[in-house]
Amino acid sequence: MGWVKCVVSGLLLVVVAGLLVAWSGVISVAADQPHDPLTYKLLEFARERSIARAAADIEVPDLSDPDLLLAGGPDYNDMCASCHLKPGQRESDLSLGLYPAPPNLSLASAGQGDGDEVQAARRQFWVIKHGIKASGMPAWGLTHDDQRIWAMVAFMKKMPQLSPAHYQILTARGDDEGHH
Amino acid sequence: MRIKQIVKHSFIAVVAAAFSVVTQAHDPSLHMKNAEAPNCKAMEGMDHSKMDMSDPIIRALMKKCMAQVHAEDGAAESAGSSEKSGQAQHEADHGQHKH
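Computed from a predicted structure; not experimentally measured. (Residues numbered from 1 in each chain as written. Chains lettered and ligands numbered in written order. Predicted model: local features only at pLDDT ≥ 70, side-chain atom pairs only at ≥ 80, totals over all residues. Heavy atoms only, no water.)

### Re the state of the cysteines
And step 1. For the structure on display, the rule yields one disulfide over all chains.
And step 2. Note that B:Cys40 is cross-linked by a disulfide to B:Cys65, the S-S spacing being 2.0 Å. The sign of the S-S torsion, about -90 degrees, decides the handedness of the disulfide formed by B:Cys40 and B:Cys65: left-handed. Of this pair, B:Cys40 sits in the loop between α1 (2–22) and α2 (41–44) while B:Cys65 sits in helix α3 (residues 56–79); the two residues are 25 residues apart in sequence, bridging distant segments of the chain.
And step 3. A relative accessible area of 12% places B:Cys40 in the buried class.
And step 4. Relative accessible area serves as the criterion here: at 10%, B:Cys65 is assigned to the buried category.
And step 5. With no disulfide partner, A:Cys80 has as its closest neighbouring cysteine sulfur the one in A:Cys83, 8.6 Å distant.
And step 6. A residue is classified by how much of its surface remains accessible, and A:Cys80, at 12% relative accessible area, is buried. (Disulfide = S-S within 2.5 Å. Helix = DSSP H or I, 4+ residues; strand = E, 2+ residues; numbered from the N terminus. Buried < 20%, exposed > 50% of the residue type's maximum accessible area, 1.4 Å probe, protein only.)

So this is what it looks like as structure tokens:
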């Protein structure tokens, strides 16, 4: 029984110490003050493991239909570009001010996984639908159905190939309605 | 654990504040009023013989611009200002939505 007591009081000590540190206010929550590299790596590792696990069984639909680009483009432009930028844009108030920083999704290097397209699509779908805690990334699944989210995934997949002019055309909402 | 929680909640508060300014849940139709028209003039410079018609991007572009030709009448008023700066415009747009 002795060792149980030992472990429990050890744990208690850790909890109390943690509370004291928190209470002292020395932990910075400023978004303009980055984590130390170790903390960052740890959080990143936990995030990637969590997403990979949660997204593993998601079934990826056919994303090559041009209509998906026409549906996802305007949604992306309205809801995401302020943080994740668009072709030809390098920064915005939010891309600079948020921490962790939103990746520039108009670049091919962002979010496409390690060449595994299916896994990359799963990952993006999951992140868009559920968001990422304690970052600026909201959960869009509360207000948007899967169909709309997949359309954005399809659009994001093509975005690195779009010129600013083509981006403008695909994302303009101007006349979606038609007037016939 | 507690530290993480505190850090977490503070982050959420800060970020939620920044975020609520620019984004709101919305139906596509809410955007129609201030909608920008596609600037299909940019397509005219493209060499059509080099277009790959099996490329979803090209097909989407063509489709969109076809739709624009047909919708010209309705889009005429907004077409004049189609070159306004996208980013600033959208943030302004969001500010106007009342939910």
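Next, the rest of the story.
### Let's talk about the confidence of the model for chain B
All names here are of chain B.
And step 1. For chain B, the mean per-residue pLDDT works out to 64, and 37% of the residues sit at or above 70.
And step 2. For chain B, per-element mean pLDDT is lowest for helix α4 (residues 86–96), which scores 44, and highest for α2, which scores 80.
And step 3. Predicted as a complex, the structure gets a pTM of 0.77 and an ipTM equal to 0.78. (pLDDT = per-residue confidence, 0-100.)

### Details of the confidence of the model for chain A
Caution is warranted with low-pLDDT regions, since their predicted coordinates should not be read in detail.
And step 1. Across chain A, the average pLDDT comes to 92, with 93% of residues at or above 70.
And step 2. Under a pLDDT of 50 for its full length, residues 176–180 of chain A has, in the predicted model, six contacts with residues more than four places off or in other chains. (Contact = heavy atoms within 4.5 Å.)

### Focus on the packing of aromatic side chains
Residues and elements named next belong to chain A.
And step 1. This model, assessed by the stated rule, comprises four aromatic pairs over all chains.
And step 2. Ring geometry for Phe-155 and Tyr-167: centres 5.9 Å apart, planes at 55 degrees, overall tilted. Here Phe-155, found in helix α7 (residues 146–158), pairs with Tyr-167, found in helix α8 (residues 164–171); they are 12 residues apart in sequence, far enough to count as distant. Neither Phe-155 nor Tyr-167 differs from the other in exposure class; each is buried.
And step 3. One aromatic cluster in this structure is built from Tyr-76, Phe-155 and Tyr-167. (Phe/Tyr/Trp six-rings, centres within 6.5 Å; stacked < 30°, edge-to-face > 60°.)

### Re the nonpolar core
And step 1. In terms of nonpolar packing, the biggest core is built from 40 residues, with A:Tyr76 and A:Ile128 touching the most fellow members.
And step 2. Listed by contribution, the elements that provide at least two residues to this core are α2 (37–55), α3 (66–79), α6 (117–130), α7 and α8 of chain A together with α3 of chain B.
And step 3. Looking at which element gives the most residues to this core, the answer is α7(A), with eight residues. (Core = buried A, V, L, I, M, F, W, Y, C linked by side-chain atoms within 4.5 Å.)

### Re a nonpolar patch on the surface
And step 1. Taken together, the side chains of A:Trp3, A:Val4, A:Val7, A:Val8, A:Leu11, A:Leu12, A:Val16, A:Leu20 and A:Trp23 present a nonpolar region at the surface, about 980 Å² in accessible area.
And step 2. A residue is classified by how much of its surface remains accessible, and A:Leu11, at 54% relative accessible area, is exposed. (Patch = residues over 30% accessible without salt bridge, like charges linked within 9 Å, V, L, I, M, F, W, Y side chains within 5 Å. Areas by Shrake-Rupley, 256 points an atom, 1.4 Å probe, with all protein chains shown as cover. Salt bridge = Lys/Arg side-chain N within 4 Å of Asp/Glu carboxyl O.)

### Quick look at helix α1 (residues 2–24) of chain A
Side chains three or four residues apart in an α-helix point the same way, a direct result of the helix having 3.6 residues per turn.
And step 1. Here α1(A) is 23 residues long and its end C-alpha atoms lie 33 Å apart, about the 33 Å a rise of 1.5 Å per residue gives.
And step 2. Positive backbone phi, at 80 degrees, marks A:Gly25, one or two positions downstream of α1(A). (Expected span 1.5 Å × (residues − 1).)

### A look at the packing of α3(A) against α7(A)
Axis angle and axis distance: for two packed helices, these are the angle between their axes and the distance between the axes, and together they describe the pair.
Residue and element names in this part refer to chain A.
And step 1. It is the contact of α3 with α7, at a shortest axis distance of 7 Å, that shows an interaxial angle of 90 degrees. By the criterion of interaxial angle, the relationship of α3 to α7 is roughly perpendicular. Only Gln-147, Arg-148, Ala-151, Met-152, Ala-154, Phe-155, Met-156 and Lys-158 of α7 make contact with α3, whose side of the interface consists of Leu-68, Leu-69, Ala-71, Gly-72, Gly-73, Asp-75, Tyr-76 and Met-79.
And step 2. Residues belonging to the contact of α3 with α7 are distributed by class as follows: 10 nonpolar, three polar and three charged. (Axes fitted to C-alpha atoms, helices over the stretch in contact; angles between N-to-C directions. Parallel < 35°, antiparallel > 145°, perpendicular 65-115°, else oblique. Nonpolar A, V, L, I, M, F, W, Y, C, P; charged D, E, K, R; others polar.)

### Quick look at the environment of A:Val118
And step 1. Following the sequence through the fold, A:Val118 ends up in helix α6.
And step 2. Once the C-alpha coordinates of A:Val118 and A:Leu20 are considered, the two residues, 98 residues apart in sequence, prove to be 45 Å apart.

### Some points on the environment of A:Val29
Residues and elements named next belong to chain A.
And step 1. Counting through the fold element by element, Val-29 comes out in the loop between α1 and α2.
And step 2. Overall, Val-29 belongs to the partly exposed group, its relative accessible area being 31%.
And step 3. In sequence terms Val-29 and Met-152 are 123 residues apart; their C-alpha atoms lie 32 Å from each other.

### Concerning the environment of A:His84
Residues and elements named next belong to chain A.
And step 1. With respect to the secondary-structure elements, His-84 resides in helix α4 (residues 81–84).
And step 2. Spatially, the C-alpha atoms of His-84 and Lys-157 are 13 Å apart, while their sequence positions differ by 73 residues.
And step 3. If we ignore the near neighbours within four places in the chain, the residues touching His-84 are Tyr-76, Pro-102, Pro-103, Asn-104, Leu-105, Ser-106 and Met-137.
And step 4. A polar atom in the side chain of His-84 sits 2.8 Å from the backbone oxygen of Pro-103. (Polar contact = N/O pair within 3.5 Å; in protein donor to acceptor, adjacent residues only side chain to side chain.)

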